[in-house]
Amino acid sequence: MRILLITALFLALVSCGSSPEDNVLRLQGKTMGTFWHVTLLDVEKNLDKNKIQKQIKEQLVKINQQFSTYLVDSEVSQFNAVHDTQPFAVSDAVVDVVNAAQLLSRQTQGAFDITVGPLVDLWGFGSAIKFETPSELSIQQAKVNTGYKFLTTQAQPARLVKKNPLLRIDLSAIAKGYAVDQVAMLIEQQQIKNYLVEIGGELKAKGHNPKAETWKVAIEKPEDNGLNNRSKVAQHILEIDDKAVATSGDYRNYFEENGVRYSHMIDPKTGKPITHNLASVTVLHQSAMVADGLATAIMVMGEEKGLSFANQYNLQIVMLVRKGDSFRSVSTLKPSVSRKQLKPPKTE
Ligand code: ADP
Ligand code: MG
């Protein structure tokens, strides 16, 4: 019996404070099947709240119209629907994000791969939820139409080109981070120096929080013995200034079968969901888009490969690894970044 469990957001903001709120502006809304939250500080008295809310909303609608795999008329969906190898016109933003994804694919030797869509669907993590484990034959058949090397880009004018006419792309693992960067840019254009932008758990923070302290972000311990039995315990508290934080976890969207946990992340080499004991990967990076993509990539790579990759590229990461009923932290962070570590990091 397969159980599909979708657990809630586990990155939490701590100490958002209740001190002087008169120059704090909190905005929120829905996008990409999740919620967005923006906190702005030290805003001018005459800042038009409705105007900035509208600008953020429009920016997110635009990004959805470019990247969504749910909207049939988005640029990505249209590219996916066309089964030929002619260059396909897209906006510059799509080429930029695809280029970032392709770089990550090369750096991770294909662990990160935006062409895994057919496998995501086959395993029932796409738009249609299925309840059967696919046959080896159907996995091999789906794999034939995947592979980031089948995809190239062109600039000026911006084009995507598929070498396999049945290739399609899925930017879910990186698009939320891109959206965070875009909203942060919009805020910076208003000369706001202290802010936090969060979309579905991926975030960017700059300056100070409403308590006039550095922003603090908790990585929660993923207690997931059923949806109603989650206690929120901070495993790490990170201090963030002018940085993005993204987390990828196997406990937000997965199913269990015969005691094996299948995550919604696919190992492109095997064509199967990852089943290792890495519970989550959190990445700190200047770019939310890169942090988002890296978190997924390292999650796919697993503990050992992921850690050596992080060391090779000098990345700031925290991994939570399942150890029986609890978790072990593996971190490359310096103590100044991770203010409080409830368990000492192991890096063996
Ligand atoms: P979430 O969307 O839950 O925040 P991620 O950012 O880790 O999590 O993205 C997971 C999504 O990425 C999956 O739902 C799937 O669409 C896609 N995906 C799955 N495997 C891979 C992979 N190996 N490389 C790139 N994208 C992947
Ligand atoms: Mg991701």
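Details of the structure are given in the entry above.
Everything numeric in this text was worked out from a predicted model, so none of it was measured.

Undergrad: Could you clarify how one ought to interpret the overall build of the protein chain in this entry?
TA: Scanning the protein chain from N- to C-terminus turns up eight helices and 20 strands. The buried share among the 348 residues of the protein chain stands at 54%. Long-range contacts, defined as pairs at least 24 residues apart, comprise 63% of the intrachain contacts of the protein chain with a sequence gap of at least 6. Of the roughly 16,100 Å² of accessible surface on the protein chain, 51% is carried by carbon and sulfur atoms.

Undergrad: So what exactly am I meant to see when it comes to the site of ligand 1 here?
TA: Neighbouring ligand 1 are 18 residues, the closest being Asp170, Lys176, Ser248, Ile266 and Thr296. The separation between a nitrogen atom of ligand 1 and a polar main-chain atom of Ala111 is 2.9 Å. For ligand 1, whose accessible area on its own is 570 Å², the fraction buried by protein is 92%. Among the secondary structure elements, those contributing two or more residues to the shell around ligand 1 are helix H6 (172-189) and helix H7 (288-301). In the shell around ligand 1, the residues fall into nine nonpolar, four polar and five charged. If you count residues domain by domain, the shell around ligand 1 takes at least three from each of domain 1 (2-64 + 173-339) and domain 2 (70-171).

Undergrad: Is there a simple way to explain the coordination of the magnesium ion (ligand 2) in this structure?
TA: Between any two of four tetrahedral donors, the ideal angle at the metal is 109.5 degrees; between two of six octahedral donors, it is 90 or 180 degrees. For the magnesium ion (ligand 2), the full set of protein donor atoms is Ala173 (O), Asp292 (O), Asp292 (OD) and Thr296 (OG1), and the range of their distances to it is 2.2 to 2.5 Å. Of note, the magnesium ion (ligand 2) draws all its donor residues from one chain, in the sequence arrangement A-x118-D-x3-T. Residue Ala173 is found in helix H6, and its partner Thr296 is found in helix H7; the two are separated by 123 residues along the sequence.

Undergrad: Hey, could you run me through the pairing of strand S18 (residues 316-323) in this one?
TA: Side-chain positions along a regular strand alternate between the two faces of the sheet. Of all eight residues that make up S18, seven are buried, and the element is covered over most of its length. Direction of pairing for strand S17 (residues 278-285) relative to S18: antiparallel, over a ladder of six bridges. Paired with Leu284 across the two strands is Gln316, which belongs to S18. As paired strands, S18 and strand S19 (residues 326-331) are joined by six bridges and run antiparallel to one another. Counted as the bridge partner of Lys323 is Ser326 from S19. Taking the residues between adjacent antiparallel strands as the criterion, S18 and S19 are bridged by two residues, where Gly324 takes a positive phi near 60°.

Undergrad: Looking at this structure, how should I read the pairing of strand S6 (residues 151-154)?
TA: In this structure, S6 lies alongside strand S7 (residues 159-162), joined through four bridges in antiparallel fashion. Bridging across to S7, Leu151 finds its partner in Lys162. Here S6 hands over to S7 after four residues, with Gln156 in that stretch at a positive phi of 45°.

Undergrad: Looking at this structure, I do not really get the packing of H6 against H7. What am I missing?
TA: Describing two packed helices takes the angle between their axes plus the distance from one axis to the other. It is the contact of H6 with H7, at a shortest axis distance of 6 Å, that shows an interaxial angle of 160°. In terms of their interaxial angle, H6 and H7 are classed as roughly antiparallel. Crossing handedness for the pair H6 and H7: right-handed. Counting all contacts with H6, which are made through Ala173, Ile174, Ala175, Lys176, Gly177, Tyr178, Val180 and Asp181, the residues of H7 involved are Ala288, Met289, Asp292, Gly293 and Thr296. Tallied by class, the residues present in the contact of H6 with H7 amount to seven nonpolar, three polar and three charged.

Undergrad: Quick question: what am I supposed to make of the sheet that holds S17 here?
TA: Within a beta sheet, neighbouring strands are joined by backbone hydrogen bonds and run either parallel or antiparallel to one another. Spatially, S3-S4-S8-S9-S12-S17-S18-S19 is the arrangement adopted by the eight strands of the open sheet, whose pairing is antiparallel. Edge strands, defined here as strands with exactly one partner in the open sheet, are strand S3 (25-31) and S19. Taken over all neighbouring pairs, the strand axes of this sheet differ in orientation by 15° on average, direction set aside. On top of the sheet, H6 reaches strand S4 (34-40), strand S8 (195-199) and strand S9 (202-206); it is set at about 155° to S8, its chief contact.

Undergrad: Teacher, can you tell me more about the packing of aromatic side chains here?
TA: Aromatic ring pairs are described here by two measures, namely the spacing of the ring centres and the angle between the planes. Per the stated rule, a full pass over the model turns up three aromatic pairs. Seen from their ring centres, Phe309 and Tyr313 are 4.8 Å apart, and the 45° between their planes marks the pair as tilted. Classification of Tyr313 as partly exposed rests on a relative accessible area of 34%. The ring of Phe79 has Lys162 lying over it, and the distance from NZ or CZ to the ring centre is 4.4 Å.

Undergrad: Please clarify how H7 should be interpreted in this entry.
TA: Note that an α-helix has 3.6 residues per turn; residues three or four places apart therefore point the same way. Here H7 spans 20 Å end to end across 14 residues, near enough to the 20 Å set by a 1.5 Å rise per residue. Within H7, 13 of the 14 residues are buried, which leaves it mostly tucked inside the rest of the structure. Where H7 starts, the residue carrying a side-chain oxygen 3.3 Å from the main-chain nitrogen of Met289 turns out to be Ser287. A positive backbone phi angle near 90° is found at Gly302, which sits one or two residues after H7.

Reading the values: rules and limits
- Residues numbered from 1 in each chain as written.
- Chains lettered and ligands numbered in written order.
- Predicted model: local features only at pLDDT ≥ 70, side-chain atom pairs only at ≥ 80, totals over all residues.
- Heavy atoms only, no water.
- Helix = DSSP H or I, 4+ residues; strand = E, 2+ residues; numbered from the N terminus.
- Buried < 20%, exposed > 50% of the residue type's maximum accessible area, 1.4 Å probe, protein only.
- Contact = heavy atoms within 4.5 Å.
- Areas by Shrake-Rupley, 256 points an atom, 1.4 Å probe, with all protein chains shown as cover.
- Near = heavy atom within 4 Å.
- Polar contact = N/O pair within 3.5 Å; in protein donor to acceptor, adjacent residues only side chain to side chain.
- Nonpolar A, V, L, I, M, F, W, Y, C, P; charged D, E, K, R; others polar.
- Domains from an automatic or database assignment.
- Donors = N, O, S within 2.8 Å, 3.2 Å for Na, K, Ca; no water.
- Pairing = 2+ DSSP bridges.
- Axes fitted to C-alpha atoms, helices over the stretch in contact; angles between N-to-C directions.
- Parallel < 35°, antiparallel > 145°, perpendicular 65-115°, else oblique.
- Left-handed = near helix turned anticlockwise from the far one by under 90°.
- Phe/Tyr/Trp six-rings, centres within 6.5 Å; stacked < 30°, edge-to-face > 60°.
- Lys NZ or Arg CZ within 6 Å of the ring centre and 35° of its normal.
- Expected span 1.5 Å × (residues − 1).

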